[in-house]
Amino acid sequence: MAWIKKRPFLWFILPGFLLYSLFSVYPIFSALQISFNRWDGIGAKTFVGFDNYVELFTNQELFSQLSGAFLNSAVLFLLNALAVLPAQLYMAYLLYSGIKGHRFFQAMIFSPQFIATPVIVFMGTLIFDGNIGVFNKLLEMAGLGSLARPWLGLPELGMFVVWTMVAWSGIGVGMIFFLGAMKMISHEVMEAAFLEGASYWRRFFSIVLPQIKTTVLNMLILTYIFAMTMFDFSFILGGVSGGINRSVDVMALFFYRIAFGDNSAVGGTTNVNAMGMGTTIACVMFAVIFLVALIQVMITYRRSED
């Protein structure tokens, strides 16, 4: 007790620590324990060791779904990292520079956050529908009717359609993060650079970007985590099966399909081992996300130390 009395701050940490342990740490270890069992979610568990992991990577159908879902999630991450993140930086810098009407533009860019995902997907289908879609109508008006396509029915474009909806709905979040980081830069430094004759983009690359590099790396981590856990857009657009030829299938949807969705037999013991195989997939997802995020955090820490 004397040790605790000398550290009264522990009493402030304790409630949050207990809640975090109950709702975050315990489910992780519970899922790991379930993944070592053969279980349909209702009856008794049967301990099978690493058999679920072996089946996941050796069963041809399961591994095909796993690799396809992972590839789609990776494509989503790369598109966000290479296209959306730079756009967020650019828009944040424009707003930081105080362009005319910057408050209005800031509100408009962030406003999709207040629209529910089903509504966003519905608007997306109205835009990309092959028969009544606005996008095809615009192509026809521009004299490019030959380029009109049933965009929602082309499997090779499935993830690009999903990404378009995701990017529109979430681009404002990263922009706000970057804008907040830019506002923490010393005004004296920016004014001195301006008086020294540094151009608009010179100030961005030489002053702003180095000052917010930690925020950029943190946003990159969050982008990766989002891409690997995104579920709602793919589920609403493509259903539990992940669309035509699983073109919009992602890691979280693959987990849901095996654990709670279409539990038809795809080989092995999937039909009678839905919860066991489902938690196995969840543990693989956690390992992939954790390891990559850990590497990114280590890189961020080292760069911040430098």
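Residues numbered from 1 in each chain as written. Predicted model: local features only at pLDDT ≥ 70, side-chain atom pairs only at ≥ 80, totals over all residues. Heavy atoms only, no water.

## Looking at the overall build of the protein
No. 1: Counting its regular elements, the protein contains 14 helices and two strands.
No. 2: Its C-alpha atoms give the protein principal-axis dimensions of roughly 80 × 75 × 30 Å.
No. 3: By the burial criterion, 36% of the 306 residues in the protein qualify as buried.
No. 4: Considering only residue pairs separated by 6 or more positions, the protein has 67% of its internal contacts joining residues 24 or more positions apart.
No. 5: For the protein, the exposed surface amounts to about 17,700 Å²; the carbon and sulfur share of it is 70%. (Helix = DSSP H or I, 4+ residues; strand = E, 2+ residues; numbered from the N terminus. Buried < 20%, exposed > 50% of the residue type's maximum accessible area, 1.4 Å probe, protein only. Contact = heavy atoms within 4.5 Å. Areas by Shrake-Rupley, 256 points an atom, 1.4 Å probe, with all protein chains shown as cover.)

## Focus on helix 11 (residues 213-229)
No. 1: Its 17 residues place the ends of helix 11 25 Å apart at the C-alpha level, agreeing with the 24 Å of an ideal helix rising 1.5 Å per residue.
No. 2: Those residues of helix 11 not exposed but buried are Val-216, Leu-217, Met-219, Ile-221, Thr-223, Tyr-224, Ala-227 and Met-228. (Expected span 1.5 Å × (residues − 1).)

## Things to note about the packing of helix 6 (residues 117-128) against helix 8 (residues 158-182)
No. 1: Helix 8 packs onto helix 6 with a crossing angle of 125 degrees between their chain directions and a minimal axis gap of 10 Å. Classified by the angle their axes make, helix 6 and helix 8 are oblique. The handedness of the crossing between helix 6 and helix 8 comes out as right-handed. Two secondary-structure elements touch here, helix 6 through Ile-120, Val-121, Met-123, Gly-124, Thr-125 and Phe-128 and helix 8 through Val-161, Thr-164, Met-165, Trp-168 and Ser-169. (Axes fitted to C-alpha atoms, helices over the stretch in contact; angles between N-to-C directions. Parallel < 35°, antiparallel > 145°, perpendicular 65-115°, else oblique. Left-handed = near helix turned anticlockwise from the far one by under 90°.)

## Examining the confidence of the model for the protein
For any part of a model where pLDDT is low, the fine detail of the predicted coordinates should not be relied upon.
No. 1: This prediction gives the protein a mean pLDDT of 87; 94% of its residues lie at or above 70.
No. 2: Confidence, expressed as mean pLDDT per element, reaches its minimum in the protein at helix 1 (residues 2-5) with 70 and its maximum at helix 4 (residues 60-96) with 94.
No. 3: Contacts from residues 263-268, a stretch scored under 50 in pLDDT, to residues over four places away or in other chains number 14 contacts. (pLDDT = per-residue confidence, 0-100.)

## Side note on the pattern of salt bridges
No. 1: Under the criterion given, the structure shown has one salt bridge.
No. 2: A salt bridge links Asp-249 to Arg-257, with the shortest nitrogen-to-oxygen separation between them at 2.7 Å. Arg-257 shares its class with Asp-249; the two are buried. (Salt bridge = Lys/Arg side-chain N within 4 Å of Asp/Glu carboxyl O.)

## Here's the deal with a nonpolar patch on the surface
No. 1: Residues Ile-28, Phe-29, Leu-32, Phe-286, Phe-290, Leu-291, Leu-294 and Met-298 make up a contiguous nonpolar surface patch of roughly 750 Å² in combined accessible area.
No. 2: For the nonpolar patch, the secondary structure elements donating two or more residues are helix 2 (9-35) and helix 14 (274-305).
No. 3: Per element, the largest residue contribution to the nonpolar patch is five residues, and it comes from helix 14.
No. 4: Taking the relative accessible area as the measure of exposure, Leu-294 reaches 37% and is therefore partly exposed. (Patch = residues over 30% accessible without salt bridge, like charges linked within 9 Å, V, L, I, M, F, W, Y side chains within 5 Å.)

## Regarding unusual backbone geometry
Most peptide bonds adopt trans geometry, and most residues besides glycine take a negative phi value.
No. 1: Within the chain, Asn-245 stands out as a residue other than glycine whose phi angle is a positive 55 degrees.
No. 2: At Arg-246, a position not held by glycine, the phi torsion is positive, near 55 degrees.
No. 3: The class of Arg-246 is partly exposed, set by a relative accessible area of 29%.

## A few points about the environment of Glu-191
No. 1: Its location among the elements puts Glu-191 in helix 9 (residues 187-195).
No. 2: Distance in space between the C-alpha atoms of Glu-191 and Arg-203 is 10.0 Å, their sequence separation being 12 residues.

## Digging into the side chain of Thr-117
No. 1: Inspection of the secondary structure puts Thr-117 in helix 6.
No. 2: Judged by its relative accessible area of 19%, Thr-117 falls in the buried class.
No. 3: A polar side-chain atom of Thr-117 sits 3.1 Å from a polar atom in the side chain of Asp-232.
No. 4: Contacts of Thr-117, omitting those with residues within four sequence positions, involve Asp-232, Phe-233 and Ile-236. (Polar contact = N/O pair within 3.5 Å; in protein donor to acceptor, adjacent residues only side chain to side chain.)

## A closer look at the packing of aromatic side chains
No. 1: One pass over the structure, following the stated rule, counts 24 aromatic pairs.
No. 2: An angle of 55 degrees between the planes, with centres 5.9 Å apart, marks the rings of Phe-128 and Phe-135 as tilted.
No. 3: Given the relative accessible area of 14%, Phe-128 is considered buried.
No. 4: With a centroid separation of 5.7 Å and an interplanar angle of 15 degrees, the aromatic rings of Phe-286 and Phe-290 are classed as stacked. (Phe/Tyr/Trp six-rings, centres within 6.5 Å; stacked < 30°, edge-to-face > 60°.)

## Focus: the environment of Lys-137
No. 1: Within the element layout of this structure, Lys-137 appears in helix 7 (residues 134-141).
No. 2: Given a relative accessible area of 39%, Lys-137 falls into the partly exposed group.

## Re the packing of helix 5 (residues 102-110) against helix 8
No. 1: Where helix 5 meets helix 8, the axes come as close as 7 Å, and the angle between the chain directions of the two elements is 135 degrees. Regarding the angle of helix 5 to helix 8, the classification is oblique. Only Ile-171, Gly-172, Val-173, Met-175, Ile-176 and Leu-179 of helix 8 make contact with helix 5, whose side of the interface consists of Gln-106, Ile-109 and Phe-110.
No. 2: Looking at the contact of helix 5 with helix 8 residue by residue, the class counts come to seven nonpolar, two polar and no charged. (Nonpolar A, V, L, I, M, F, W, Y, C, P; charged D, E, K, R; others polar.)

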